[in-house]
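Structural description and commentary
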Amino acid sequence: MKKKALCTGITGQAGFYLAKFLLSKGYEVYGMYRRTSLDIGERIDPIIKDIHLVEGDVIDPDSIIKVLQETKPDEVYHLAAQSFVPASWTQVFSTGQITALGTLNMLEGIRLVDKNIKFYNAASSEMFGKVQETPQKESTPFYPRSPYGVAKVYGYWITKNYRESYNMFVCNGILFNHESPKRPKQFVTRKITNSVAKIKLEKQEYFELGNLDARRDWGFAGDYVEAMWKMLQQDKPDDYVISTGETHSVREFVEESFKVVGMNIVWEGEGINEVGKVDENIVVKVNPKFYRPAEVDVLTGDCTKAKNILGWQSNTKFKELVKMMVESDLEDLKWVLI
Ligand code: GDD
């Protein structure tokens, strides 16, 4: 009998890579999606015929119960969230409902329908926020800096609490930023690679960014989904940091992206007046509209525990990741006329 997995957030970047990975492991994959007027196939088109899509909403407990009863999964991967950090200040209540209480609803649904279902919760390095030690590991105290981060802290603790209260097999994956050609374009990495590709193809003159000096531990989403799966294959449920251990600034990401297309960017000026130039043409400007009310300045993960227990490590280096994303954007944009 094939194992069955249910993924919430199937239409997102991680949903795509996880579903692809689980299919390769022989799973029957159910993807839960929320009905919207948008095209749900944007990212999952290449695998849509191989998975079963089921309609449900993490803020609608009744729909979760029905989905769990109908699909009878062995494993649930809970990836659904309002995951764009800036939107968590403008949609503060719904971020709490979806990202915090949505996790509670999933856990409670599993507890009521079948306590033996294994559960993976997508926690986040955003919980470390104003970092209390470097690098961050499982024991590092949280200090979230956004309503999103606060909501993820709730999700983390309620998952741990269900483990301890009901002896359920539930795990938190504390994933550091994970990127890919499937990353939506408002997140900084894809915004950069997409804009650089457009500049190279002369479809755009410049693009605007916020804090160029923010630093992140960026890995490849395709590597990270394997860690999610490995967590649920252990004898005991636990929580794990998943990261590369390397940190780079937004500025470095921009520089490396331009290098991929054979352009050399030079910075001039400071603060909101700083610009990036290629051959005297301005290609990057700073716009304070992209600054955040409270910023996470730097994140660096220590995934020793995942290495030792799960036998997992990140395989894609920073430069490879940037190259993969820029080249994919160049390829996609070749076919776009304007
Ligand atoms: N989005 C965006 N747009 N970010 C910018 C920009 C810009 O124009 N300019 C600078 N940045 C900086 C942000 O201020 C932030 O410090 C950094 O780039 C990364 O921003 P994002 O790519 O939006 O990701 P994030 O780190 O806030 O959140 C992502 O990673 C978390 C894990 O740590 C998301 O995927 C979260 O859902 C995830 O939990």
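For clarity, every value in this text was computed on a predicted model and none was experimentally measured.

Our next topic: the pairing of strand E14 (residues 275-278). Remember that side chains alternate between the two faces of the sheet whenever the strand is regular. Judged by which residues are buried, E14 turns out to be covered on both faces: Val-275 and Lys-277 on one side and Gly-276 and Val-278 on the other are all buried. Here strand E13 (residues 266-268) runs beside E14; their pairing, made up of 3 bridges, is antiparallel. By the bridge assignment for E14, Val-266 is matched with Lys-277. Linkage of E13 to E14, two consecutive antiparallel strands, is achieved through a turn of 6 residues, within which Gly-269 is found at a positive phi near 85°.

Near the ligand, the surroundings consist of 25 residues, among which Ser-124, Ser-125, Tyr-148, Arg-292 and Glu-295 are the closest. With respect to the ligand, the side chain of Ser-124 contributes an N or O atom lying 2.6 Å from an oxygen atom. Between an oxygen atom of the ligand and a side-chain N or O atom of Ser-125, the distance comes to 2.5 Å. When contributions to the shell around the ligand are tallied by element, the ones reaching two or more residues are helix H7 (188-200) and strand E8 (207-209). Its residues assigned to classes, the shell around the ligand comprises 11 nonpolar, 7 polar and 7 charged.

Both trends apply: most residues other than glycine have a negative phi, and most peptide bonds are in trans. Cis geometry is found at the peptide bond from Thr-134 to Pro-135, where omega equals -5°. Residue placement: Pro-135 occurs in the loop between strand E5 (118-124) and helix H6 (147-166). Residues other than glycine seldom take positive phi values, yet Asn-167 does so here, at roughly 55°. Along the chain, the position of Asn-167 falls in the loop between H6 and strand E6 (170-175). Given a relative accessible area of 69%, Asn-167 falls into the exposed group.

By the definition in use, this model includes 21 salt bridges. With its nearest N and O atoms 2.9 Å apart, the salt bridge here joins Asp-239 to Arg-163. Placement of the pair is Asp-239 in strand E11 (residues 239-242) and Arg-163 in helix H6, with a sequence separation of 76 residues. For Glu-246, the salt bridge identified is with Lys-317, shortest N-O distance 3.0 Å. With a gap of 71 residues between them, Glu-246 in the loop between E11 and strand E12 (248-249) and Lys-317 in the loop between helix H10 (304-310) and helix H11 (318-334) connect regions that are remote in the sequence. For Glu-246, a relative accessible area of 29% corresponds to the partly exposed category.

With respect to the helices and strands, the residue Ser-180 is situated in the loop between strand E7 (178-179) and H7. A distance of 2.9 Å separates the side chain of Ser-180 from the backbone nitrogen of Lys-182, its partner in a polar contact. In this structure Ser-180 touches Gln-13, Tyr-17, Arg-190, Phe-220, Ala-221 and Met-325, once residues within four positions along its chain are discounted.

Read from one edge to the other, the open sheet built from 4 strands follows the order E8-E15-E14-E13, with strand pairing classed as mixed. With one partner strand each, in any of the chains shown, E8 and E13 form the two edges of the open sheet. On average, adjacent strands in this sheet sit at an angle of 30° to one another, irrespective of strand direction. Here E14 pairs with strand E15 (residues 281-286) via 4 bridges, running antiparallel. Within the sheet, the bridge partner assigned to Gly-276 lies in E15 and is Val-284. Helix-sheet contacts for H7 involve E8 and E15, and the interaxial angle to E8 is about 160°.

Tracing the backbone through its elements, the reader meets Thr-247 in the loop between E11 and E12. Taking the C-alpha atoms as reference points, Thr-247 and Phe-21, 226 residues apart in sequence, are found 26 Å from one another. Sequence-distant contacts of Thr-247, defined by excluding residues within four places in its chain, comprise Arg-215, Arg-216, Asp-217, Val-298, Leu-299 and Thr-300. Within the local environment of Thr-247, its side chain forms a polar contact with the backbone oxygen of Arg-216, the two atoms lying 3.5 Å apart.

Turning next to the pairing of E15. Pairing of E8 with E15, which is carried by 3 bridges, proceeds in the parallel orientation. Each bridged residue has a counterpart across the sheet, and for Glu-208 the counterpart in E15 is Lys-285. The hairpin turn running from E14 into E15, its antiparallel successor, is 2 residues long, and Asp-279 in that turn takes a positive phi close to 50°.

Further remarks concern the nonpolar core. Of all hydrophobic cores here, the largest spans 75 residues; its most connected members are Leu-22, Tyr-77, Tyr-120, Met-228, Ile-242, Phe-258 and Val-284. Here Tyr-77 is in contact with Ala-5, Leu-6, Cys-7, Thr-8, Leu-18, Leu-22, Tyr-120, Met-228, Trp-229, Leu-232 and Gln-233, once residues within four sequence places are set aside. Counting residues in each nonpolar core, the second largest holds 19 residues, with Val-58, Val-67, Phe-119 and Val-170 among its members.

Thresholds, definitions, all that
- Residues numbered from 1 in each chain as written.
- Predicted model: local features only at pLDDT ≥ 70, side-chain atom pairs only at ≥ 80, totals over all residues.
- Heavy atoms only, no water.
- Buried < 20%, exposed > 50% of the residue type's maximum accessible area, 1.4 Å probe, protein only.
- Helix = DSSP H or I, 4+ residues; strand = E, 2+ residues; numbered from the N terminus.
- Pairing = 2+ DSSP bridges.
- Near = heavy atom within 4 Å.
- Polar contact = N/O pair within 3.5 Å; in protein donor to acceptor, adjacent residues only side chain to side chain.
- Nonpolar A, V, L, I, M, F, W, Y, C, P; charged D, E, K, R; others polar.
- Salt bridge = Lys/Arg side-chain N within 4 Å of Asp/Glu carboxyl O.
- Contact = heavy atoms within 4.5 Å.
- Axes fitted to C-alpha atoms, helices over the stretch in contact; angles between N-to-C directions.
- Core = buried A, V, L, I, M, F, W, Y, C linked by side-chain atoms within 4.5 Å.

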